[in-house]
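# Report on the structure
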Amino acid sequence: METKTLQTKKQSLVGVVVSDKMDKTRVVLVTRYEQHPKYKKYIKEHKRYKVHDAKNQFKVGDKVRIEACAPLSRHKAFTAVEKVGTQDVGQYLKTRGIE
């Protein structure tokens, strides 16, 4: 008798680290485009996620990929998986009108 394991695809997002002041926790800003249901115009939406970073390896300005996981605390339900690139955070926030 064979036993099959089910693999579920985890939610994965890409964002920029905007804060690294907490131990083993990073704040990642994820920007996505949503289409307005009535007017069909694309609108930028931003959301900040608190992300678990066990090795404290990601710094402010790093572009990272995060994955959903079981809740680690009240606010943390994502883990940082890999570094995708770097970005100047000051410039990034200014051009998007977030501060």
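The structure contained in this document is the topic of the report that follows. Source: prediction; values computed, not measured.

### Topic: the sheet that holds strand 3 (residues 42–52)
Spatially, five strands are ordered 1-2-3-5-4 in a closed barrel, and the strand pairing comes out mixed. Ignoring which end each strand starts from, the neighbouring axes of this sheet average 45 degrees apart. Direction of pairing for strand 1 (residues 12–22) relative to strand 4 (residues 62–68): antiparallel, over a ladder of five bridges. From the neighbouring strand, valine 16 faces strand 4, where its bridge partner is lysine 63.

### Re the environment of histidine 46
Structurally, the position occupied by histidine 46 is in strand 3. We classify histidine 46 as partly exposed; its relative accessible area is 32%. Expressed as a C-alpha distance, the spacing of histidine 46 and glycine 15, which sit 31 residues apart in the sequence, is 9.7 Å. Within the structure, histidine 46 has its side chain in polar contact with the side chain of threonine 31 (distance 3.1 Å).

What counts and what doesn't
- Residues numbered from 1 in each chain as written.
- Predicted model: local features only at pLDDT ≥ 70, side-chain atom pairs only at ≥ 80, totals over all residues.
- Heavy atoms only, no water.
- Pairing = 2+ DSSP bridges.
- Helix = DSSP H or I, 4+ residues; strand = E, 2+ residues; numbered from the N terminus.
- Axes fitted to C-alpha atoms, helices over the stretch in contact; angles between N-to-C directions.
- Buried < 20%, exposed > 50% of the residue type's maximum accessible area, 1.4 Å probe, protein only.
- Polar contact = N/O pair within 3.5 Å; in protein donor to acceptor, adjacent residues only side chain to side chain.

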